[in-house]
Each structure stands twice: as structure tokens, then as C-alpha cells.
Amino acid sequence: MIASLKKEVTSVLNKFVYKVEIMKQRIDEMVLLGYKKEDVMKMTKNSPQLFGLTIERIKGKLEFLKKFDYSYNEVIKITVDCPGILKLSTDSILEKIKELKDKFGYTDKEVIKI
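Structural notes, computed from the coordinates. Quantities reported herein were computed from a predicted structural model and do not represent experimental measurements. (Residues numbered from 1 in each chain as written. Predicted model: local features only at pLDDT ≥ 70, side-chain atom pairs only at ≥ 80, totals over all residues. Heavy atoms only, no water.)

Some remarks on unusual backbone geometry
Although it is not a glycine, aspartate 69 sits at a positive phi angle of roughly 65°. Counting through the fold element by element, aspartate 69 comes out in the loop between helix H3 (55-66) and helix H4 (72-81). On the accessibility criterion, aspartate 69 (63% relative accessible area) is exposed. (Helix = DSSP H or I, 4+ residues; strand = E, 2+ residues; numbered from the N terminus. Buried < 20%, exposed > 50% of the residue type's maximum accessible area, 1.4 Å probe, protein only.)

Dropping the structure here:
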């Protein structure tokens, strides 16, 4: 029984350590993308689901947002201020933009600022 409990505790601890390592890796990767470490910490505190995104998906979302005539630095600032946008699919973002443009007459840039 003690051996079984020890094995279970070890398994849980290994999973926790693995998750911590993944979190550290994601923070380092986002810093390499141009984020400040403090900003990444703030973003993940407000949206911990960001740890579940692949760095490729984050890069893709940054590139997608640049299509709205924003510089890379502006896109970084937008995603720091609103990290949840990184979790949305591009289709979902386009749908929301279309809705705001059609119903309220916003431009693409005005929608992204919202």
C-alpha cells in the first residue's frame, strides 16, 4: 500500500514539474517573440490558457493581426493589453470584425482597438 501511494505521489509530482517546465518554456518562447517577461507574466496571469497554446499558434495569430496594417510592435502591445485575442480562432476574429463593421460602421483598425 505504501509503495502504491509513493508511486502515485511521484506520478503527480512528475506531472507538476513537467507543467512548470512547459510554463517556463512558453514564457521564454514568448520573450523571444518580442514580449517583455513582465508582460508575459501579466498576460498569463490574466489568461492562463495561453500556456496551452503552441508557440506556432501564437506566431500565426501575431502574423494574422499584422494584416490589419499594424506593425509587429503594435501587435505585441495589442496582445499584451488583450491576451484573450490569442486564444480566438482567426475565423472567430473575422466574424466579430465583420459584425462590428456591418452593425456599427467601424473600420478594421477601430475594431481591433476595441
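Things to note about the environment of isoleucine 85
Within the secondary structure, isoleucine 85 sits in the loop between H4 and helix H5 (90-104). A sequence separation of 20 residues divides isoleucine 85 from leucine 65, and the C-alpha atoms of the two residues are 9.6 Å apart. When near neighbours in sequence (up to four residues on either side) are disregarded, isoleucine 85 contacts Lys61, Leu65, Thr79 and Ile93. (Contact = heavy atoms within 4.5 Å.)

A word on the pattern of salt bridges
All told, the structure shown has six salt bridges when counted by the stated rule. Between glutamate 29 and arginine 26 there is a salt bridge, and its shortest N-O distance comes to 2.4 Å. Of the two residues, glutamate 29 and arginine 26 both sit in helix H1 (residues 2-32), three residues apart, roughly one turn of that helix. There is no split in this pair, since glutamate 29 and arginine 26 are both buried. Here lysine 66 ties to glutamate 63 by a salt bridge, and the two come within 3.6 Å at their closest N and O atoms. Taken together, the positions of lysine 66 and glutamate 63, both in helix H3 and three residues apart, correspond to about one turn of that helix. When its relative accessible area of 40% is taken as the criterion, glutamate 63 is described as partly exposed. (Salt bridge = Lys/Arg side-chain N within 4 Å of Asp/Glu carboxyl O.)

Let's talk about H3
Here H3 is twelve residues long and its end C-alpha atoms lie 17 Å apart, about the 16 Å a rise of 1.5 Å per residue gives. Regarding H3, the residues found buried are Ile55, Ile58, Lys61, Leu62, Phe64 and Leu65. (Expected span 1.5 Å × (residues − 1).)

Description of the nonpolar core
Among the nonpolar cores identified, the biggest contains 25 residues, and Met30, Leu33, Tyr35, Met43, Ile58, Leu62 and Leu86 are the most heavily contacted of them. Breaking this core down by element, the ones donating at least two residues are H1, helix H2 (37-46), H3, H4 and H5. The dominant element in this core, judged by the number of residues it contributes, is H3, at five residues. Every residue in contact with leucine 86, bar those within four places of it in the chain, is listed here: Tyr35, Met43, Leu50, Leu53, Arg57, Ile58, Lys61, Leu62 and Thr79. (Core = buried A, V, L, I, M, F, W, Y, C linked by side-chain atoms within 4.5 Å.)

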